[in-house]
Amino acid sequence: MQILDGNATSAYIKEQLKKEVEEMKASGHKVPHLAVIIVGNNPASEAYVANKVRTCKELGFESTHLHFETSITEEFLLEQVNKLNDDDSVDGILVQLPLPAHISGDVVINNINPAKDVDGFHPISQGKMLLGQPGFLPATPYGILLILEHYNIDVAGMDCVVIGRSNIVGTPMTILLSRNAKPGNATVTICHSRTKNLKEIVKRADLIVAAIGRPKFVTADMVKPGAIVIDVGINRIDDPTTKSGSRLVGDVDFENVAPLCSYITPVPKGVGPMTICGLMKNTIDAVKQKKLVNS
Ligand code: GUN
């Protein structure tokens, strides 16, 4: 069994991106500028956003971090997005999800300028991905492709099972694994809360992507020996043995599943750092696209 090390892989990719930014700067171009909006005080979201902003600094990006109260209106948030859309110095815009219940995530995402949609959530980005056209890939699925590539894992012809059908991970993951590209060309099944015989279906998989948001959902009896397991879940569970009284676990029962696998991503230090790589690569691409349009 080999661990797919998201920390080491992302460190390697970030080193390359840092050099790319230095070259941009040396040749007189502006550095990439990512604007991140967070609404409310969800501790997990705050930690993700802090990490994204920290990575911008590490890579030499410019960043803008806007933090608003839960009580803001949808109209106010749309105004902020529009200001960033109109600001030529901003290359990428990210609105951290989830948003408070009174604000529609769909409406907000739909208002991001697609040329700045570095999270790849806008319908135009998702449509381009579906059609195999160049565009921004959603950051987490993109990060998963990057880690598979880094470890030279060729998924062509594999039976892949994606558990979870969210717009930001499960559904795009099925498209990316099955499209005629590298990585790609896999045979993909998507499972969700209404799937019958989920255990039997998952057990057939050469590659499992668990993105269902339920702690330790994938158990050893669901995994074929030799399978590759990608765990997208980040769930906080009570653990009185730790100082904080809780700890993070994935959607996979790592302890019992890992010995069966050929490769597995841990939680933390697996997919999480790769998502940030996807985001940073998209932001650099946003700058390159802008240069193409303006030249
Ligand atoms: N919430 C959970 N994952 C993500 C992500 O990749 N991007 C944004 N904007 N929100 C998220």
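Everything discussed here concerns the structure shown above.
Procedures and definitions
Residues numbered from 1 in each chain as written. Predicted model: local features only at pLDDT ≥ 70, side-chain atom pairs only at ≥ 80, totals over all residues. Heavy atoms only, no water. Pairing = 2+ DSSP bridges. Helix = DSSP H or I, 4+ residues; strand = E, 2+ residues; numbered from the N terminus. Axes fitted to C-alpha atoms, helices over the stretch in contact; angles between N-to-C directions. Buried < 20%, exposed > 50% of the residue type's maximum accessible area, 1.4 Å probe, protein only. Arc of directions from axis to C-beta. Contact = heavy atoms within 4.5 Å. Parallel < 35°, antiparallel > 145°, perpendicular 65-115°, else oblique. Nonpolar A, V, L, I, M, F, W, Y, C, P; charged D, E, K, R; others polar. Core = buried A, V, L, I, M, F, W, Y, C linked by side-chain atoms within 4.5 Å. Near = heavy atom within 4 Å. Polar contact = N/O pair within 3.5 Å; in protein donor to acceptor, adjacent residues only side chain to side chain. Areas by Shrake-Rupley, 256 points an atom, 1.4 Å probe, with all protein chains shown as cover. Right-handed = clockwise from strand over helix to strand, strands pointing away. Left-handed = near helix turned anticlockwise from the far one by under 90°. Patch = residues over 30% accessible without salt bridge, like charges linked within 9 Å, V, L, I, M, F, W, Y side chains within 5 Å. Salt bridge = Lys/Arg side-chain N within 4 Å of Asp/Glu carboxyl O. Lys, Arg positive; Asp, Glu negative; His and termini not counted. Charge placed at Lys NZ, Arg CZ, Asp CG, Glu CD.

J.: What exactly am I supposed to notice about the sheet that holds strand β2 (residues 33-39) here?
T.: Across a sheet, strands are paired by hydrogen bonds formed along the backbone, either parallel or antiparallel in direction. The three strands lie next to each other as β3-β2-β4, forming an open sheet whose pairing is parallel. Whereas interior strands pair on both sides, the edge strands pair on one side only; in this sheet they are β3 (62-68) and β4 (92-95). Neighbouring strand axes in the sheet, compared pairwise and without regard to direction, differ in orientation by 15 degrees on average. As paired elements, β2 and β3 share seven bridges and run parallel to each other. The residue of β3 that forms the bridge with Val36 is His65.

J.: Could you clarify how one ought to interpret helix α5 (residues 123-131) in this entry?
T.: Along an α-helix, residues three or four apart share an orientation, since each turn contains 3.6 residues. Restricting attention to buried positions, one finds in α5 the residues Ser125, Gln126 and Met129. In an axial view of α5, the angular spread of the buried residues amounts to 95 degrees, which keeps them on one side of the axis. Away from its buried face by more than 90 degrees, α5 exposes Leu130 and Leu131. Buried positions along α5 lie against α7 (170-178). Downstream of α5 by a residue or two, Gly132 has a phi angle that is positive, lying close to 75 degrees.

J.: Sorry, what's going on with the packing of helix α1 (residues 6-26) against helix α2 (residues 43-59) here?
T.: In a packed pair of helices, the relevant descriptors are the angle between the two axes and the axis-to-axis distance. Relative to each other, α1 and α2 sit at 55 degrees, their axes nearing to 9 Å. Comparing the axis directions of α1 and α2 gives the class oblique. Note on element contacts: α2 touches α1 through Thr55, Glu58 and Leu59, opposite Lys14, Leu17, Lys18 and Val21. Classifying every residue of the contact of α1 with α2 gives three nonpolar, one polar and three charged.

J.: How do you make sense of unusual backbone geometry when you look at a structure like this?
T.: Negative phi is the rule for most residues except glycine; trans is the rule for most peptide bonds. Of note, the amide linkage connecting Leu97 to Pro98 takes the cis form, showing an omega dihedral of 5 degrees. Structurally, Pro98 is set in the loop between β4 and α4 (105-110). At Lys269, a position not held by glycine, the phi torsion is positive, near 75 degrees. As for its position among the elements, Lys269 is in the loop between β11 (263-264) and α10 (271-294).

J.: What am I meant to see in the nonpolar core here?
T.: Burial of nonpolar side chains together is a common tendency in soluble globular proteins. Grouped together as the largest cluster of nonpolar side chains are 53 residues, with contacts concentrated most on Leu177, Leu207, Val209, Ile230 and Met280. Examining the composition of this core, we find that nine residues originate from one element, α10, more than from any other. Apart from the residues within four sequence positions on either side, Leu207 is in contact with Leu148, Val155, Met158, Asp159, Cys160, Val161, Leu177 and Ile228. Counting residues in hydrophobic clusters, the runner-up holds 19 residues, among them Val161, Val202, Ile208 and Val223.

J.: How do you make sense of the site of the ligand when you look at a structure like this?
T.: Lining the immediate surroundings of the ligand are Lys52, Leu94, Val95, Gln96, Leu97, Asp119 and Phe121. Val95 places a main-chain nitrogen or oxygen 2.8 Å from a nitrogen atom of the ligand. Side-chain polar atom of Asp119 to a nitrogen atom of the ligand: 2.5 Å apart, as the coordinates give it. In isolation the ligand offers 280 Å² of accessible surface; the protein chains occlude 83% of this area. Of the residues that constitute the shell around the ligand, the class distribution is four nonpolar, one polar and two charged.

J.: Is there a simple way to explain the sheet that holds strand β7 (residues 207-210) in this structure?
T.: In space, the six strands of this open sheet follow the order β1-β11-β8-β7-β5-β6, with parallel pairing throughout. Two strands close off the open sheet at either side, each with one partner strand: β1 (2-3) and β6 (187-191). As paired strands, β7 and strand β8 (residues 228-231) are joined by four bridges and run parallel to one another. From the neighbouring strand, Ile208 faces β8, where its bridge partner is Val229.

J.: Just checking my understanding: could you explain the pairing of β6 for this structure?
T.: Looking down a regular strand, the side chains alternate between one sheet face and the other. Sheet topology note: the strand β5 (residues 159-163)/β6 ladder contains five bridges and is parallel. Bridging from a neighbouring strand, Asp159 pairs with Thr187 of β6. At this point the chain moves from β5, through α7, to the parallel β6, and the crossover so formed is right-handed.

J.: For this particular structure, what's the right way to read the packing of helix α6 (residues 139-150) against α7?
T.: Taken N-terminus to C-terminus, the directions of α6 and α7 make an angle of 40 degrees; their axes are 9 Å apart at the nearest point. As for the relative orientation of α6 and α7, their crossing is right-handed in sense. Between α6, through Pro141, Ile144, Leu145 and Leu148, and α7, the contact on the second element is made entirely by Pro172, Met173, Leu176 and Leu177. Looking at side-chain class alone, the contact of α6 with α7 contains eight nonpolar, no polar and no charged residues.

J.: Explanation requested: a negative patch on the surface in the structure shown.
T.: A surface patch of like charges, here negative, comprises Glu62, Asp86, Asp87 and Asp88. Positionally, Glu62 belongs in strand β3.

That is the geometry; function is a separate question.
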